[in-house]
Structure formats: C-alpha cells, structure tokens
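# Examining the three-dimensional arrangement
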Amino acid sequence: MLGPDQYMLGGVRGAGDFVIMGGRVATPDRLLDDGWVAVSDGRIAGVGSGTPPSGEHVDVGGALVVPGFVDTHCHGGGGASFTSPDPEELLTAVRAHRRHGTTTMLASLVSDPVDILREQVAALRELVQDEEVAGIHLEGPFISKARCGAHDPETLLEPDTGTVDKLLRAGQGAIRMVTIAPELHGGVKAVRQLAESGVIAAIGHTDGVEEQLLPAIDAGATVATHLFNGMRPLHHREPGPVGALLDDERITIELICDLVHLHPTVVRLAARHAGRDRTVLITDAMSATDAADGRYTLGRLEVDVHDGVATLADNGSLAGSTLTMDTAFRNLVRGAKLGILDAVHATSQRPAELLGIADRTGMLCTGYAADIVVLDQDLRPAKVLRRGEWVAEVGTATLST
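The following paragraphs examine the structure supplied in this document. (Residues numbered from 1 in each chain as written. Predicted model: local features only at pLDDT ≥ 70, side-chain atom pairs only at ≥ 80, totals over all residues. Heavy atoms only, no water.)

## What to know about the overall build of the chain
How we decide: Secondary structure follows DSSP: runs of H or I at least 4 residues long count as helices, runs of E at least 2 residues long count as strands, and numbering of each begins at the N terminus. Residue burial is assigned from relative accessible area. The probe radius is 1.4 Å, only protein chains are included, and a residue is buried under 20% of its type maximum, exposed over 50%, and partly exposed in between. Here the open area of atoms and residues is found with the Shrake-Rupley method and a 1.4 Å probe, where only the protein chains shown may cover a residue.
Secondary structure assignment for the chain yields 9 helices and 22 strands. Each principal axis of the C-alpha distribution contributes one length, and for the chain these read about 65 × 45 × 40 Å. Across the 401 residues that make up the chain, the buried fraction comes to 59%. Here the chain has roughly 15,400 Å² of accessible surface; of this, 48% comes from carbon and sulfur atoms.

Spelled out as structure tokens, the structure:
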C-alpha cells in the first residue's frame, strides 16, 4: 500500500511514464523530503515521498521540485517582443521564458493606437488558440500620462465603452487582463465593463488618490499592476494607490521581484502584509530578457539595457525588466528572505488562481498538467517539464536519469 504522503491517479501504483524522484517536492501545503512525482500522458499521476513507484526514474539528487511558473505580466524575451506580427518571433519570446521555468504566461502589450493594438491582439490570439500562452494582457492605453513610465504618452486614451469593446472583440476571448488608471474619465465604468465581461481589471499606472481607487475596486478591480511602480507613491498622510491596493483584501498585488524595481525590504513588507493569497510575482520582462545588453525598443520607445537593467534611452526611467521567473523565485527567497512555499505560491499557485486555471496547473497535484521545474541547490532551473515534455536548453546542472 502507499504511505500517507503518496497519492496515485486512479490509485494505480506505477502508472507514470516516468517518475521524478529523490527531491524535495513542493506540495501546496508542505515540502516532502525524499519526494517523487509520477508523470503519465502529460499529467501528474501521483505525488508522494519515500519509495517511488516502479518505472523509469529521473533522480534529481535532492533538488527542489516545484510547479511550473505562471507569469501574468510579460512583454517579451530572447530578443523578441509580443508586439511583433511574426509568429516565429512571438514563439521565440515564449520559449525564452519557458527555458527558465515559465510554463504558463500572459503576453502583455504596451500602449499603442487602438488599430495597432487590435492587430497585435489578432497575432497573439493565435498563440492563445494554440495554448502557447494563456491569454493577453493590455497594459494600456487607458493609463495616466503622469505615471505612464515606458509607455508613449501620445498613445494614451481615456477609456470609453466603445473603445474597450472594440479591443475585447478583437481578442475574441483571448484578452484576460486590462490595466486601467481609475481616475481617468470613464475609468470606473471601464473597470465594471471589464469585470462583467469576465476580464481581470487591474489598477496601475495611476496618479489617483485613495478616494478615486476605492470605487474601482468596488466595481470589480482585483489586481494591482506592479505595485509601487508606475503609481503615486505611498505617503503617510495620503496612502494613494499603494496604500489602498495593498490594504484591500480584494486586491492581488503584482511585485516585480528583480530587486531593482523594488528593494528587498519593500518586497518583504508588501508580501507579508498581502500574504500568500494576494501576492503574485511577475517579470514585466521586455525583449532583452535572456539576451545581450544593447539598444532595444519597448512599444514605440527606445530602451537601453546595461548590466541587465532596462531604461528609457531619453530619460533613464526604468523600462520593464530583464527578469525571468526563476530569478524572481530566487530573489524572494534569498533577497527578501521569505520561505520556499511563499515563493511557490507567488510564482505558481496564486497566479494560476488569478487566471482561473488553478484546477489544472500551478500546483503539484494528481491529475494536474505535468508542469514542473527542478531547481538545483542554487535555486536555478536544471530541468523544466511542460505538459509532460522536457524543455530543451535548461540550466547547467547535470542530473542522472
């Protein structure tokens, strides 16, 4: 019989095509020492500790086994951007992050004229249909000029029902999240329109005060787009969006955990206050991620990347990141000093819940997709599994099979 920490699909021992064994396995509520995960037909057939099921074994030698990462905010990677009309370039960006353990992601777009955004959405829609990405995130154009960051201010608009509807129709269900500055004329109405359409309404790139944000939360906003960045800062006499979003139990906060956008202490304070149920790590990665330093573009703006830090060429403002989710995971544990399970929740489980897909990915549970990352002793990816298929060119560690 299986022990108390062993669970097999259908109760059949040895049902997996192969078994990842000999690692520390991160389940939703605890780490299993000497753990194993059985995989069959692209799904997790069982999770347990102790003696593994029979069959082909992949011995990870004490490495950490976690769910595949879920990134809800990413603009590109591998030298490629999600604004490209070229399907192969779009896949290049996806694959760059997949090598670092991201098995599920949203493709994010920066602000552009509406007709161009519709074209970009149409190109990305095919990736959604092919299940290469889980959906599309529009970070603009309905954001504040005062807090637009690396968005071209000439492309920004106040939201209106017709324009929002036009973009949603272009997505044909592929748009999963839209960032709004609620203080804009029509902002709260747009939030309600998105929520009623089944789209995640996120608050970000906002110069609003608390009194302008609370009606948007009441209208259905549920996410803070990269909390602290691109918004009026916290002040002890005016909490602004940071205070309002961080303190509201209805809001899940995004944190760019590259330790450049946010100091480790700020990451720790925010994550501890929000807790596991409300904290999501994102990359906000642009095309220079997993690529060389140099000159790039983000939307319509030129970006310089030096030592992996992306800044606008004309004024030096931060312009997205070159972060990958494995580094975000590592930074939360080693930089912000939070626990392994905190990092698992913030990089996998909670973002999967946010996207409404936590019944099939984001956790190491029997019956779920075999989306798995094996992290070596330095918390760097040694192996990545997506839907039961090994991802090529991952990490540098050598594990026995």
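## Regarding the packing of helix H3 (residues 161-171) against helix H4 (residues 187-196)
As a reminder, the rule being used: Between N-to-C directions, angles cover 0 to 180 degrees, with each direction set by a line fitted to C-alpha atoms, over the stretch in contact for helices. Should an angle fall under 35 degrees it is called roughly parallel, over 145 degrees roughly antiparallel, and 65 to 115 degrees roughly perpendicular, with every other angle called oblique. The sense of a crossing depends on the near helix, which, turned anticlockwise from the far helix by less than a right angle, makes the crossing left-handed and, turned clockwise, makes it right-handed. The contact criterion used throughout is that any non-hydrogen atoms of two residues lie within 4.5 Å. Gly is put with the polar residues, along with every residue not named as nonpolar or charged; the nonpolar set is Ala, Val, Leu, Ile, Met, Phe, Trp, Tyr, Cys and Pro, and the charged set is Asp, Glu, Lys and Arg.
One way to put it is that H3 packs onto H4 with a least axis distance of 10 Å and a crossing angle of 30°. In terms of axis orientation, H3 runs roughly parallel to H4. Handedness of the crossing formed by H3 with H4: right-handed. Together, Thr161, Val164, Asp165 and Leu168 of H3 and Lys189, Ala190, Gln193 and Leu194 of H4 make up the contact between the two elements. Looking at the contact of H3 with H4 residue by residue, the classes come out as 4 nonpolar, 2 polar and 2 charged.

## Comments concerning the nonpolar core
Put simply, the test is: Among buried residues, the Ala, Val, Leu, Ile, Met, Phe, Trp, Tyr and Cys ones that are joined through side-chain atoms within 4.5 Å form a nonpolar core. Segmentation into domains, and thus their bounds, comes from an automatic or database assignment.
Among the nonpolar cores identified, the biggest contains 83 residues, and Phe82 and Phe329 are the most heavily contacted of them. Take this core: its biggest share by element is 7 residues, from helix H2 (residues 114-129). Counting contributing residues, this core receives three or more from each of domain 1 (18-67 + 362-391) and domain 2 (69-355). Among all residues touching Phe329, those that are not within four sequence positions of it are Leu64, Val66, Phe69, Leu281, Ile340, Ala343, Val344, Thr347, Leu375 and Leu379. Residues Val25, Ala202, Ala352 and Ala358 belong to the second largest nonpolar core, which totals 31 residues.

## Here's the deal with helix H5 (residues 210-218)
Test applied: The directions from the helix axis to the C-beta atoms form the arc being described.
Listed in full, the buried residues belonging to H5 are Leu213, Ala216 and Ile217. The arc that holds every buried residue of H5, seen down its axis, measures 100°, which confines them to one face. Exposed residues lying more than 90 degrees from the buried face of H5 are Glu211 and Asp218. Buried positions along H5 lie against H4, strand S13 (200-203) and helix H6 (240-247). At the C-terminal side of H5, Gly220 shows a positive phi close to 125°.

## Focus: the pairing of strand S16 (residues 279-282)
This is how the line gets drawn: Seen with its strands pointing away from the viewer, a crossover is right-handed when the path leading from the first strand over the helix to the second is clockwise.
Where burial is concerned, the two faces of S16 agree: the one with Thr279 and Leu281 and the one with Val280 and Ile282 are both buried. Between the parallel pair strand S15 (residues 252-256) and S16, the chain is carried across by helix H7 (residues 264-274), and the sense of this crossover is right-handed.

## Overview of the packing of aromatic side chains
How two aromatic rings sit relative to each other is given by the distance of their centres and the angle of their planes. What counts, and what does not: Only the six-membered ring of Trp is used, alongside the rings of Phe and Tyr, when aromatic pairs are assigned; centres must lie within 6.5 Å, and planes under 30 degrees apart are stacked while those over 60 apart are edge-to-face, with the rest tilted. For a lysine, the NZ atom is tested; for an arginine, the CZ atom; a charge sits over a ring if that atom is within 6 Å of the ring centre and within 35 degrees of the ring normal.
Enumeration over the complete set of coordinates arrives at 2 aromatic pairs. Over the aromatic face of Trp390 sits the side chain of Lys383, whose NZ or CZ is 5.1 Å from the ring centroid.

Geometric values such as these leave the question of function open.
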